[in-house]
Amino acid sequence: MAGVESVGEEHWCLVVPKQEAEERRRRLLEAGLLDRRYRPRQEGDTVLLPLTDGVPGAVLREFEAVPERPDLPRHEIVGGIAIMQENDPAGAGRLLASRPSLHTVLFPETPVEGEYRTRRFAVLAGVPTTRTRVTEYGLRFDVDLSHAYFSARLSTERQRVLAAMEEGERVLDMFAGVGPFAVTLARKADLVVAADLNPAAVHLLVENITLNRVNNVVPVLADAGHLPRYGFRPFDRVIMNLPLAAPRFLPEAAALCRDGGTIHLYALEEQDWEYLSLIREVTWGEVIERRVRTYSPGKWHAVYDITLEG
Ligand code: SAM
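Along each chain, the written sequence defines residue order, and numbers are assigned to residues from 1. In keeping with the model being predicted, local features are shown solely for residues with a pLDDT of at least 70 and side-chain atom pairs are shown and tallied solely at 80 or more, while totals for entire chains, interfaces and linings include all residues. To obtain the side-chain values, all non-hydrogen atoms of the structure were used and water was disregarded.

Undergrad: If you had to explain the overall build of the protein chain to someone new, which residues and values would you point to?
TA: For helices the rule is a DSSP run of H or I covering at least 4 residues; for strands it is a run of E covering at least 2, with both sets numbered from the N terminus onward. When helices and strands are tallied, the protein chain shows seven helices and 17 strands. In this description the radius of gyration comes from C-alpha coordinates, and the expected globular size is given by 2.2 Å times residues to the power 0.38. For the protein chain, whose C-alpha radius of gyration is 21 Å, the value lies close to the compact-globule estimate of 19 Å for 310 residues. With the C-alpha coordinates of the protein chain rotated into their principal frame, the extents come out at 55 × 50 × 40 Å. The buried label goes to any residue with under 20% of its type's maximum accessible area, the exposed label to any with over 50%, and the partly exposed label to all in between, with areas taken from a 1.4 Å probe on protein chains only. Here the protein chain, with 310 residues, has 47% of them falling under the buried criterion. Of all intrachain contacts in the protein chain linking residues separated by at least 6 positions in sequence, the fraction that spans at least 24 positions is 60%. Per-residue and other accessible areas were derived by the Shrake-Rupley procedure at a 1.4 Å probe size, with only the shown protein chains allowed to occlude residues. With an accessible surface of roughly 15,600 Å², the protein chain has 51% of that area assigned to carbon and sulfur atoms. Put simply, the protein chain has 37 plus and 45 minus side-chain charges, and the middle of one group is 4 Å from the middle of the other. The contact criterion used is simple: two residues touch if any of their non-hydrogen atoms lie within 4.5 Å. Note on charges: Lys and Arg go in the positive column, Asp and Glu in the negative column, and His and the chain ends are not counted at all. Charge positions come from single atoms, namely NZ of Lys, CZ of Arg, CG of Asp or CD of Glu.

Undergrad: So what's going on with the layout of surface pockets? Residues and values would help.
TA: In this analysis a 1.4 Å probe is tested at points of a 1 Å grid over the protein atoms alone, and where it fits but cannot get out there is a cavity; an open set with protein on both sides within 12 Å along at least five of seven lines is a pocket; lining residues have an atom within 4 Å of a point. Grid points are joined across faces, edges and corners, and a volume is the space filled by probe spheres set on the points. Considering only enclosed or pocket space, the second largest pocket measures out at about 260 Å³ in volume. Around the second largest pocket, the lining residues are L14, R24, R27, L28, V55, P56, Y137, T156, Q159, R160 and A163. When contributions to the lining of the second largest pocket are tallied by element, the ones reaching two or more residues are α1 (21-30) and α3 (155-164). Here the nonpolar group is Ala, Val, Leu, Ile, Met, Phe, Trp, Tyr, Cys and Pro; Asp, Glu, Lys and Arg are the charged ones; every other residue, Gly included, is treated as polar. Its residues placed into classes, the lining of the second largest pocket shows six nonpolar, two polar and three charged.

Undergrad: Tell me what's going on with the sheet that holds strand β7 (residues 104-108), and back it up with residues and numbers.
TA: Pairing between strands requires that DSSP locate at least two bridges from one strand to the other. The sheet built from four strands is open, its strands ordered β5-β6-β7-β8 with mixed pairing. Looking along the sheet, the strands with just one partner apiece sit at the ends: β5 (75-78) and β8 (121-126). Neighbour-to-neighbour, the strand axes of this sheet turn through a mean angle of 30 degrees, independent of strand direction. Sheet analysis places β5 next to strand β6 (residues 81-84), joined by four bridges and oriented antiparallel. The partner of H75 across the bridge, within β6, is M84. The sheet contacts of helix α2 (residues 89-98) involve β5, β6, β7 and β8, and relative to β8 the element is tilted by about 55 degrees. Think of each axis as a best-fit line through the C-alpha atoms, taken over the contacting stretch in the case of a helix, with angles from 0 to 180 degrees between the N-to-C directions.

Undergrad: Which residues make up the site of the ligand, and what are the values?
TA: Looking at the ligand, there are 20 residues lining it, with E115, F175, D196, A224 and N241 nearest. Within the side chain of R158, an N or O atom sits 3.4 Å from an oxygen atom of the ligand. Between F175 and the ligand, the recorded distance is 2.8 Å, taken from a backbone N or O atom to a nitrogen atom. Only a single heavy atom is needed: when it lies within 4 Å of a molecule or strand, its residue is near that molecule or strand. Here a polar contact is taken to be a pair of N or O atoms separated by no more than 3.5 Å, where protein atoms must pair a possible hydrogen donor with a possible acceptor and residues adjacent in sequence count only if both atoms sit in side chains.

Undergrad: Got a sec to walk through the pattern of salt bridges? Specific residues and values, please.
TA: The term salt bridge refers to a side-chain nitrogen of Lys or Arg lying within 4 Å of a carboxyl oxygen of Asp or Glu. As enumerated under the stated definition, the model contains 19 salt bridges in all. Across the pair R131 and E207 runs a salt bridge whose closest N-O atoms are separated by 2.7 Å. Here E207 lies in helix α5 (residues 199-211) and R131 lies in strand β9 (residues 131-136), a separation of 76 residues in the sequence. Given a relative accessible area of 25%, E207 falls into the partly exposed group. Residue R160 pairs with E157 through a salt bridge whose shortest N-O separation is 2.8 Å. Separated by three residues within a single helix, R160 and E157 lie in helix α3, roughly one turn from each other. Under the relative-accessibility criterion, E157 is labelled buried at 3%.

These results come straight from atomic positions and should not be treated as a statement about function.
Rendered as structure tokens:
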């Protein structure tokens, strides 16, 4: 294209006005959405910010790759903790020294497992803890990776659901964990009921409600299957984020959601629309299915947005 210099690999990015670039860069960084493998660059009066994940309004542009640090092992960052893929204490030491924001480097000794969806970790370097604080779109979450599930990878998805909400909705989060959906959606909701079976998750959820000065989230220590017994008035929106097992709780979700309300069902699938027939056993309402992110080769997290029809 005339006047546009070719600088390397094509990548998704946000195009933002120059004067907003620093603030937008900081917010993307906090949300784990700024892809630091590429250099942000100017284009006319705008700045192009490379992204790690789908963000509304993203466009494709060419970027120059930041030279890799070959001495640093592969890892994922959660707050002040780096989670490595290899059990490599020497690499962990280098990683810890490379970023002042890190306090601990962990290696997962088990996959995400059990009803509580937790992992056991070995501490490879730094402070021996699995607890840290994560910042996501201006909200703060205290997490303890060995006691309660947390993943920053759904941060964009939480913002999508928030954008789809009307002010003043009544929301039920059936598998709330430490509260990232519940606390995010509380920004627009009248009330969020946030349930989880794991006492440690509910404990952290209470801390996160306090930390974010939220006064409209009700934490509930309960099995999602029992929620219909507790006499809640029907909700406008129900979040079902338990990808391996949520589909079997659909009848309970439907019983708790008003006609015309929306259920967001997260599921792990190997075929598009894998859960449609199961959904059709519960409702004939409108269903939209989207892929959220890749889980492993041939498997992905999908979300079904289901509008209930009585
Ligand atoms: N929504 C949270 C998030 O995005 O971080 C947590 C999602 S995690 C994949 C699923 C959560 O469901 C875990 O915290 C687990 O303890 C909880 N859980 C599992 N079975 C449950 C059940 N039958 N009733 C309520 N919570 C349950």
